[in-house]
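Here is what each chain is made of, one letter per residue.
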Amino acid sequence: MKEVHTSGARGPRRKLAILTTGLALASLFGAVGTAAPAGASSLRPAVAKKLVIAYNMGAEADPFFIAMNIGAQAEANKLGVTLIWQGDPSFYSPSTQIPIVDELLAEHPSGLIISPTDPNALQPVVNQAIAEGIPVSNVDTHVTDLSKVLTFITGNNTQGGAVAADAMAKAMHYTAGKTYQVVVGASSATSTTNTSRLAGFKAEIAKKYAGIKIMAEAYSESQPAVANTNVNNWLTKYPNLKGIFAIDGTNAAGAAAAIQARGLVGKVALVGYDAYANNVALLQKGIFAALIAQQPALEGQLELKYMAQYLRTHSTKGIPHLLTLPNIVLTPSTPAAIVTKYTYPTA
Amino acid sequence: MVTGTADVGEVPFAQKLGTWARSVVSNQQFMLLVALAALVTYFTARAPVFLSSGEIANILADFCSIILLAVGETFVIASGGIDLSVGSAASLAGVIGALAMRGLVNSHQNEALVLFVGTVVCAGLGLCIGLVNAALINWARLVPFVATLAMLGGAGGLSIVLTNGQPIGLDPRAISYTVAKLGPFSYPAFMVIALVVVAWLLLHFTRYGRYTFAIGSDAFAARAAGINVRRHVTSVYALSGLLAGLTGMFIYMRLGSGAPTAGQGDELQAIAAVVIGGASLMGGVGRLSGTVLGALIINVVTSGLIITNVQANWDQVAVALLIAVAATMQALRPARRR
């Protein structure tokens, strides 16, 4: 919901705007006057105003964020809060994200929930929001300095990367003493989810699987065709490739097409991230050896809940500063009911 | 400079050599071939697998994903316009085509029928997008940059709205068609190459092509010479849209699904290929063979950097350098050849 800016209005429109504003103010004070308990020491119009929570995600088109939107919107409806859901349609990049956050701040929302596409690049706008008295939460990814952020809810990406390594080793029938070449397809070199997953993956390999060698890493900038090109080239360069860790949904889609085209299903262990409906269908066909699912709808729901709670009580009591939800491993043999539960909702 | 008293047997030879050298260096096609050969040699020296049939097939698959966009763009740029909507048009066409094909795939229809229907839907949608662009330019009087920029946002946004961001369809049989069958060539690659040859003949050996360049050089003079400029411009944008639609179908076959973000942003690759190929953004100049070489060079750089394990972001830097060099060469070319 956008505020009405009347400063530039002229003539009849201006009169109408003044009249509307006057009526709005009158009704507001009237409402507060009648609703406020007797003896209330101060009138706080903000309490009576409907909360407006701005939510800025990495890329609106990403099914992960679409699922998050579904969770957040359901919670907003339940709590009677207005949710402004705004982000770049498809580019996961700070250069497209920052102007959108500026735009959102200009609307003076009650609170801001944001998934920074870069931890440093988004720090100044987060600082600015906090300086303007707008509380800020982070979701999925975070800014460098979390000290003034209300809450940060994310999937446990490090644990997700680690279980991805375990799932891959299992699918490759890992035997100590043998060498296994694997590659990693990521979307961005700076996104904290990507880096955490990769760190978890590498740490688990270093700890348990000395025979697994990561030969290359590349970025797809959220473009499935680019991810497909990367994997095609790797399959040519490393004819003995044994595993691919596709670190997010778009990489999973591009990698799945590449191994199908070359008839390598079952020969190259493809471990993907994100339970998009399409990826789940590919998992059930055995094209993915494993799929790591996050819980985006739950993340969106909890973000809304905690932000609304803080805005209404002005207390952080009961609000965790950091909450990590575990990532779930789905394999072709996972029971259908569990797979359905963790498939990202689309509507 | 030949003087009246110069020895006719000696000086003209040196002069000829100089003229020849100058014309070779200023021949963009030749220089592009040299650049392509140099890049292939360099990458092969660093990773011999670069010259394998498998890798050539990879480059060809990438090439086919942008060459039709670049061919359409060559016609548009030669006619003095620009089409920023081709990437989004490919995306929307791929998504709508995938929606149309989904039912057929699920009911296990013959794959050839599925792909035929998809191709017709994608091409038809692309054509419609091109016609809307032309209407905005011809009748709403928008400059091509603005008209097609609006379409870029509109088509791109619509493909996301229609799909909720999810890839549409699951068609592994379509992927199997994109596998190289004859050397590095897949069947769709043959079709794409055939289309490029037809477009080349159309641009350089027919009246249609001559009209395109004439309008790009001077639309007013072209109109005075009796060319129906409005109709011709309409057909050029329609052609660009049609080829973008077919690109959407090609990407669908590669991924086995219609992804809403696939193709978006590819208009810049297409324009880069055209500019590297020697076309002038002022219109009236362009060679389709240059566009083909430009697109090949871009794809060779992309694959070469992956094969040699160079950080992916260098790809953009390399393409930017190529554009700068190509544009400089064009600026330095003698005026009569521009």
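Cut-offs and rules
Residues numbered from 1 in each chain as written. Chains lettered and ligands numbered in written order. Predicted model: local features only at pLDDT ≥ 70, side-chain atom pairs only at ≥ 80, totals over all residues. Contact = placed C-beta atoms within 7 Å. Helix = DSSP H or I, 4+ residues; strand = E, 2+ residues; numbered from the N terminus. Nonpolar A, V, L, I, M, F, W, Y, C, P; charged D, E, K, R; others polar. Buried ≥ 20, exposed ≤ 12 C-beta atoms within 10 Å, placed from the backbone. Pairing = 2+ DSSP bridges. Right-handed = clockwise from strand over helix to strand, strands pointing away. Axes fitted to C-alpha atoms, helices over the stretch in contact; angles between N-to-C directions. Bend = angle between axes of the 7 residues up to and from the residue. Expected span 1.5 Å × (residues − 1). pLDDT = per-residue confidence, 0-100. Core = buried A, V, L, I, M, F, W, Y, C linked by C-beta atoms within 7 Å. Domains from an automatic or database assignment. Left-handed = near helix turned anticlockwise from the far one by under 90°.

K.L.:
I keep staring at the interface of chain A and chain B and nothing clicks. Help me out?
P.N.:
You'll often see interface size given as the accessible area lost when the parts meet. On the side of chain B, 37 residues touch chain A, which itself brings 30 residues to the contact. At the level of elements, α3 (63-79), β7 (212-219), α8 (224-237), α9 (249-261) and α10 (277-284) of chain A are the ones that each hand at least two residues to the side of chain A that touches chain B. Considering each element in turn, the side of chain A that touches chain B owes the most residues, nine residues, to α8 of chain A. In terms of residue class, the side of chain A that touches chain B is made up of 16 nonpolar, twelve polar and two charged.

K.L.:
I'm lost on the pairing of strand β1 (residues 52-56) of chain A in this one. Help?
P.N.:
In summary, the side chains of a regular strand alternate between the two faces of the sheet. All names here are of chain A. Of all the five residues making up β1, four are buried; the element is thus mostly covered by neighbouring parts of the structure. When β1 meets strand β2 (residues 82-85), the two strands line up parallel, connected through four bridges. Bridge assignment links Val-52 to a residue of β2, and that residue is Thr-82. With α3 bridging β1 and its parallel neighbour β2, the resulting β-α-β unit is right-handed. Of the strand pairs in this sheet, β1 and strand β3 (residues 111-114) are connected by four bridges, and their pairing is parallel. Bridge assignment links Asn-56 to a residue of β3, and that residue is Ile-114.

K.L.:
I tried to follow the sheet that holds strand β11 (residues 322-325) of chain A on my own but got confused; where do I start?
P.N.:
Within a sheet, each strand pairs with its neighbour through backbone hydrogen bonds, oriented either parallel or antiparallel. Residues and elements named next belong to chain A. Taking strand neighbours across the sheet as the criterion, the six strands line up as β2-β1-β3-β4-β5-β11 in an open arrangement whose pairing is parallel. Whereas interior strands pair on both sides, the edge strands pair on one side only; in this sheet they are β2 and β11. Here the strands of the sheet are splayed against their neighbours by 15° on average, with no regard to which way each runs. Packing of helix α11 (residues 296-313) onto the sheet brings it into contact with β1, β3, β4 (136-139), β5 (152-155) and β11, and relative to β4 it is tilted by some 170°.

K.L.:
Teacher, can you tell me more about helix α3 (residues 53-78) of chain B here?
P.N.:
Count 3.6 residues to each turn of an α-helix, and residues three or four apart come out pointing the same way. All names here are of chain B. The principal kink in α3, of about 35°, is found at Ile-66. For α3, the buried fraction is high: 24 of the 26 residues fall into the buried class. One or two residues past the end of α3 sits Gly-80, with phi positive at roughly 90°.

K.L.:
How should I be thinking about α3 of chain A in this particular structure?
P.N.:
Residues and elements named next belong to chain A. Relative to the 24 Å expected for 17 residues at 1.5 Å per residue, α3 spans 24 Å between its end C-alpha atoms, a close match to the ideal helical length. Those residues of α3 lying buried are Pro-63, Phe-64, Phe-65, Ile-66, Ala-67, Met-68, Asn-69, Gly-71, Ala-72, Glu-75 and Ala-76. Buried residues along α3 sit in contact with β1, β2, α9 and α11. Immediately downstream of α3, the backbone of Gly-80 shows phi near 70°, a positive value.

K.L.:
What exactly am I supposed to notice about the confidence of the model for chain A here?
P.N.:
Atom-level detail of predicted coordinates should not be read off regions where pLDDT is low. Per-residue confidence for chain A gives a mean pLDDT of 85; residues scoring 70 or more make up 86%. For residues 1-47 of chain A, every residue scores under 50 in pLDDT, and the model assigns this stretch 20 contacts once sequence neighbours within four places are set aside.

K.L.:
Looking at this model, I keep getting lost on the environment of Ile-137 of chain B. Mind explaining?
P.N.:
All names here are of chain B. Here Ile-137 shows up in helix α5 (residues 111-138). Taking the C-alpha atoms as reference, Ile-137 lies 43 Å from Leu-182; in sequence the two are 45 residues apart. Excluding its chain neighbours within four sequence positions, the residues that come into contact with Ile-137 are Leu-142, Pro-144, Ala-147, Val-233 and Tyr-237.

K.L.:
Whenever I open this one, the nonpolar core confuses me. Can you help?
P.N.:
Soluble globular proteins: nonpolar side chains tend toward being buried together. In terms of nonpolar packing, the biggest core is built from 200 residues, with Ile-53, Met-168, Phe-245, Ala-255, Ala-256 and Leu-270 of chain A together with Ile-67 of chain B touching the most fellow members. It is α3 of chain B that provides the largest number of residues to this core, a total of 17 residues. The residues that make up this core include at least three from each of domain 1 (47-156 + 297-325) and domain 2 (157-293 + 329-342) of chain A. When sequence neighbours within four positions are dropped, the list of residues in contact with Phe-245 of chain A reads Ala-164, Met-168, Val-182, Val-184, Phe-201 and Val-271 of chain A.

K.L.:
Please explain the sheet that holds strand β6 (residues 180-186) of chain A as it appears in this structure.
P.N.:
All names here are of chain A. Taken in spatial order, the six strands of this open sheet run β7-β6-β8-β9-β10-β12, and their pairing is mixed. The open sheet has two edge strands with one neighbour each: β7 and β12 (328-330). Adjacent strand axes in the sheet meet at a mean angle of 20°, parallel and antiparallel pairs treated alike. Pairing of strand β9 (residues 269-273) with strand β10 (residues 290-293) involves three bridges; the strand directions are parallel. Bridge assignment links Tyr-273 to a residue of β10, and that residue is Ile-292. On the sheet, α8 packs against β6, β7 and β8 (241-246) and is oriented at approximately 165° with respect to β6.

K.L.:
Whenever I open this one, the domain arrangement of chain A confuses me. Can you help?
P.N.:
Residues and elements named next belong to chain A. Here the domain parsing of chain A yields domain 1 (47-156 + 297-325) and domain 2 (157-293 + 329-342). Taken together, the 15 residues of domain 1 in the interface contact 14 residues of domain 2. Taken together, the residues of the side of domain 1 that touches domain 2 break down into five nonpolar, seven polar and three charged.

K.L.:
Help me understand the pairing of β8 of chain A, please; the structure alone is not making it clear to me.
P.N.:
All names here are of chain A. Within β8, six of the six residues are buried, which leaves it mostly tucked inside the rest of the structure. Here five bridges tie β6 to β8, and the two strands are oriented parallel to one another. In the strand pairing of β8, Val-184 is matched with Phe-245. Note that β8 and β9 share three bridges and pair parallel. Counterpart to Phe-245 in the pairing with β9 is Val-271. Running through α9, the crossover from β8 to the neighbouring parallel element β9 is right-handed.

K.L.:
Teacher, can you tell me more about unusual backbone geometry here?
P.N.:
Residues other than glycine predominantly adopt negative phi, and peptide bonds predominantly adopt the trans conformation. One non-glycine residue, Asp-140 of chain A, lies in the positive phi region at around 70°. As for its position among the elements, Asp-140 of chain A is in the loop between β4 and β5. Look at Arg-141 of chain B: it is not a glycine, yet its phi comes out positive at around 60°. The topology assignment puts Arg-141 of chain B in the loop between α5 and α6 (144-163). Overall, Arg-141 of chain B belongs to the exposed group, with 8 C-beta atoms counted inside 10 Å.

K.L.:
Sorry, what's going on with the packing of helix α4 (residues 86-106) of chain B against α5 of chain B here?
P.N.:
When two helices pack together, their arrangement is given by the angle between the helix axes and by the axis-to-axis distance. Residues and elements named next belong to chain B. It is at 8 Å that the axes of α4 and α5 come closest, and there the two elements cross at 150°. As for how α4 packs across α5, the hand of that crossing is right-handed. For the pair α4 and α5, the contacting residues are Ala-89, Leu-92, Ala-93, Gly-94, Ile-96, Gly-97, Ala-100, Met-101, Leu-104 and Val-105 in the first and Leu-113, Val-114, Val-117, Gly-118, Val-121, Cys-122, Leu-125, Gly-126 and Ile-129 in the second.

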